[in-house]
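Fold and geometry: a report
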Amino acid sequence: MEVGTRKLLDRSFTSVGFLAIILMAVSLVILLQPIIIRGGKAFVFKGTVEYRKLMREQFGRGNVEELSMDLEEARLARKPVYDLLDAFENEMKEQDSSFRRQYRADFRELKELLEELLGPREGERRRALIRKQYGQTRHDRSLVKLRHVIYIEGYDYSDTSGMGVKVETPRAELFTGTSLEPLFGILETDIGKMMKPKLTVYWRFLFDKSIDAHFFGGIWPEMLGTFYLAFGAMLFAIPLGIITAIYLAEYAGTGRFVSLIRICISSLAGVPSVVFGLFGLAFFINTVHISSSKSVLVGAMTLALLILPTIIRASEEAILAVPHGFREASMSLGAGKWHTIVRVVLPAALPGILTSTIISLGRAAGETAPIIFTAAVSVGKPLSLFQTFSQPTPALPWNIYNLATEHEAVDEIRHVQYGMVFTLVMMVFLLNLAAIILRARVSKRLRG
Amino acid sequence: MIETPDKINRGDLGRRLMMGAKGKRMRMIGSRIGHSALVLAASSSLLALLFIFYFIIRDAVPFFSLEGVGEFFTSTRWYPSRDEAEFGALAIFIGSGLVTLGAVVFSVPMGVFASLCLSDILPFSLRQVVKPVIEMLAAIPSVVYGFFALVVLAPMLQEKGGSLLAVGAMLVLVPLTIILIVVVSDLTSNLFAENIRKIMRIMTAAIAAAISFFIVLKVYHFMNGLEVSSGTNALNASVMLGIMALPMIVSISEDALNAVGRDLREGSYALGATRAETLVKVVVPAAKSGIVAAVILGVMRAIGETMVVWMASGNASRIPQPWFNLLQPVRTLTATIAGDMGEADHVTGSSRYHVLFVMALCLLVIAFISNLVSELIVRRARKNGR
């Protein structure tokens, strides 16, 4: 080959390498960007007057006078809409039955959509479900609902070769010539006055209970469940992991038994996470009967098995990284081997061990498959410490799955899903960040 | 939990632990007990693995006595909840394989190139920036990837799947064909005599360019015309799995590449090789075993992953037509276990419950064997290295 070609190949090889790295970074950005932007909206958003009413009635928060003033203004702004509805209803009564038949179904649909947007009208009986007692609490959602009121969505299949094309026709066309026609214009121009959106910071999203299957409120039960599961897993895995690491690093030689153990550790690390879940179900629940059905305790034990290999490996590395001089100095002062390990080696290795435990804490918090059969339920109250021995709990990873796939109104509560994902990702990142900082300090100290 | 003192094996405790414990029997016994406890705790992972195997097998075996072996591995009819239940898992096995294959095709070249770039090409300061990116990719929980696949990627694929695929294919194909044209023209021009070599080179390049332009255009139009009927399909799951497997592949193969000594690289440079030639012909062959181990572990991660495939693959138990059509929904082993256990849980003891353990056993065996293989490869390489 000519030198020119070889150079070109070399350059293109380099650029393919760069491309791979850039693609990796780009995929991280693409992945995180919607999560951060839309997840942030669970915490900071434009809350409507309905949101403030909900907060007042369900949580007892907010200024009563301000709220009643807002409600009064909103009522005034909504009055023309309701007046038009009443006028049309009267018109229907007065006209003949063919008129009624023509408009009845459309009118009922319109009224239902309006109730979804603005909430039930004053003086109507109280709805049973909390989600029906309020209009749209978030302004982005109320704009979506407004669009549903003003336009009728349909699909055009006239082009048979492809998929249907979405078409929107104005709902006003249904009511042309009636007294209801101006309603749509009023709605479009006055939606701001009717909903009175205000920038709201809802940091209590993390610490509020959920109301009516996550339609409103926060994610505290999930947070608490994740916390219990992750720390419970650490409670089992850390002592076992560190003792194993001490044995492997300080006592074990290179015998057959030791290499068997090492193979087992790496195999355990390779077991698919869902298999851990099945094992937890078959062993902890169906055989040992630690609890009669799913419980936090069983979930924590299953997760502990999952993270055990990580902790063992990292702790062993940390122990081996302690300079040999430490041990010799301690021995020369007359300390025994065990004494040396407990008093000298472990304290020196502690930051390294801590790093690994922090990272596996994040892993335990984010694992879903092992807790599906052992610990997680979709809806539940926050548990007290004592209840964790016998009761299942909601947990962030499982509820992300559950809300995104099995919830009855998946699209309505996207902000809750994104909020949960955002919280989980931030939790894991903060833990990793802490680990990275700790590691940097350790390596500086061991070097110095 | 596991350290019951009556199980202590006193046979292999030859060494004394405490210095200066001569004659003090109590201390001797104490140290022996301590040591045994250590051994016992250390064998907890051995016990855990044994227990996992035992209990998965224990609940898997009844399925074969209830339903036989043949149907499970050969039939594609998966109807576990019918009265006349059918448990043909062939399509599920193929689904798992297909999704994993897609992930491998995507992540192995990218992962190996990225690790080469990290170990040999990037300057140290940039490496410090890239490392956290990889660590972040590894730290993100799988359910977050699944959520992204379901909520963001799937609608995107469904709406503009064809054009996305076309752009992706162009990103790969165009640079590749340009390199190929140059290389081909260089190689073929050597066949001609010295005086016409330059002209022939230009001519072959022009011909190759024309042909490949035509082919690339065809591919583009084909891709652009593709319609994705469902955004949750094998491709979606493959891409997500590929991204998830990347950090593992990159970090392990980078370790392997770094373990190749400087002297090998310098020797190659001294002979006049370019960096690409050094990497391809010297460094990669020397680190081969480590890279293979990394790929095996990455594949294992993809096979064993649950949440992403459950949310992104569409969960349809049928073999895609043709089999490599990644745009159709598939169902995988892990997703089937996760999805069906919720209902099968109530009928403990039925074949519907046990069949899931059979699947778990298959996963476990695959994972165990591939782990052993990768361990073996690494060990042999280490021995040879010494």
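Reading the values: the criteria
Residues numbered from 1 in each chain as written. Chains lettered and ligands numbered in written order. Predicted model: local features only at pLDDT ≥ 70, side-chain atom pairs only at ≥ 80, totals over all residues. Heavy atoms only, no water. Phe/Tyr/Trp six-rings, centres within 6.5 Å; stacked < 30°, edge-to-face > 60°. Helix = DSSP H or I, 4+ residues; strand = E, 2+ residues; numbered from the N terminus. Buried < 20%, exposed > 50% of the residue type's maximum accessible area, 1.4 Å probe, protein only. Expected span 1.5 Å × (residues − 1). Contact = heavy atoms within 4.5 Å. Domains from an automatic or database assignment. Buried area = accessible area lost by both parts, 1.4 Å probe. Salt bridge = Lys/Arg side-chain N within 4 Å of Asp/Glu carboxyl O. Axes fitted to C-alpha atoms, helices over the stretch in contact; angles between N-to-C directions. Parallel < 35°, antiparallel > 145°, perpendicular 65-115°, else oblique. Left-handed = near helix turned anticlockwise from the far one by under 90°. Nonpolar A, V, L, I, M, F, W, Y, C, P; charged D, E, K, R; others polar.

1. Concerning the packing of aromatic side chains
Residue and element names in this part refer to chain B. A full pass over the atoms with the stated rule returns 39 aromatic pairs over all chains. Summarising the aromatic geometry, the rings of phenylalanine 72 and phenylalanine 93 are spaced 5.8 Å apart at their centres and angled 85° between planes, so their arrangement reads as edge-to-face. Separated by 21 residues along the polypeptide, phenylalanine 72 in helix α3 (residues 70–74) and phenylalanine 93 in helix α4 (residues 90–121) bring together distant segments of the chain. Of the residues examined, phenylalanine 72 reaches a relative accessible area of 1% and is grouped as buried. Relative accessible area serves as the criterion here: at 22%, phenylalanine 93 is assigned to the partly exposed category.

2. A word on helix α1 (residues 25–42) of chain B
With 18 residues, α1 of chain B should reach 26 Å at 1.5 Å per residue; the first-to-last C-alpha distance of 25 Å fits that figure. For α1 of chain B, the full list of buried residues reads Ser31, His35, Ser36, Leu38, Val39, Leu40, Ala41 and Ala42 of chain B. Elements in contact with the buried residues of α1 of chain B: α8 (220–251), α9 (256–270) and α13 (337–366) of chain A together with α2 (44–67) of chain B.

3. Some details on the environment of cysteine 264 of chain A
Secondary-structure assignment places cysteine 264 of chain A in helix α9. Judged by its relative accessible area of 6%, cysteine 264 of chain A falls in the buried class. Sequence separation between cysteine 264 of chain A and valine 342 of chain A is 78 residues, and the spatial gap between their C-alpha atoms is 26 Å. In this structure, cysteine 264 of chain A is in contact with Ser45, Leu46 and Leu49 of chain B, ignoring residues within four places of it in sequence.

4. Considering the domain arrangement of chain A
All names here are of chain A. Assigned domains of chain A: these are domain 1 (49–196) and domain 2 (220–447). If you average the C-alpha positions of domain 1 and of domain 2, the two centres end up 50 Å apart. Taken residue by residue, the interface counts four residues in domain 1 and four residues in domain 2. Taking both partners together, domain 1 and domain 2 bury about 370 Å²; carbon and sulfur atoms supply 33% of that area. Looking only at domain 1, the three residues that lose the most surface to domain 2 are Arg131, Arg138 and Arg141, adding up to 84% of its buried area. Counting across the domain 1 and domain 2 interface gives three salt bridges.

5. Side note on the pattern of salt bridges
Residues and elements named next belong to chain A. Counted under the stated rule, the structure contains 33 salt bridges over all chains. Among the ionic pairs, glutamate 408 bridges to arginine 131, the shortest N-O distance being 3.3 Å. A residue pair is termed long-range when its members are at least 10 positions apart, and glutamate 408 in the loop between α15 (396–405) and α16 (414–447) and arginine 131 in helix α5 (residues 130–133) qualify at 277 residues. Residue glutamate 412 is joined to lysine 145 by a salt bridge in which the shortest nitrogen-to-oxygen separation is 3.1 Å. Separated by 267 residues along the polypeptide, glutamate 412 in the loop between α15 and α16 and lysine 145 in helix α6 (residues 139–150) bring together distant segments of the chain. A relative accessible area of 5% means that lysine 145 is categorised as buried. Three or more residues are tied together by salt bridges with common partners; here these are Arg52, Glu66, Asp70 and Lys198.

6. Re the packing of α8 of chain A against α1 of chain B
The contact between α8 of chain A and α1 of chain B brings their axes to 8 Å, and the two run at 115°. Taken together, the axis directions place α8 of chain A and α1 of chain B in an arrangement best described as roughly perpendicular. The interaxial crossing formed by α8 of chain A with α1 of chain B has left-handed handedness. On the side of α8 of chain A, the interface is formed by Leu240, Ile243, Thr244, Tyr247 and Tyr251 of chain A, while α1 of chain B contributes His35, Leu38, Val39, Ala41 and Ala42 of chain B. Broken down by class, the residue content of the contact of α8 of chain A with α1 of chain B amounts to eight nonpolar, two polar and no charged.

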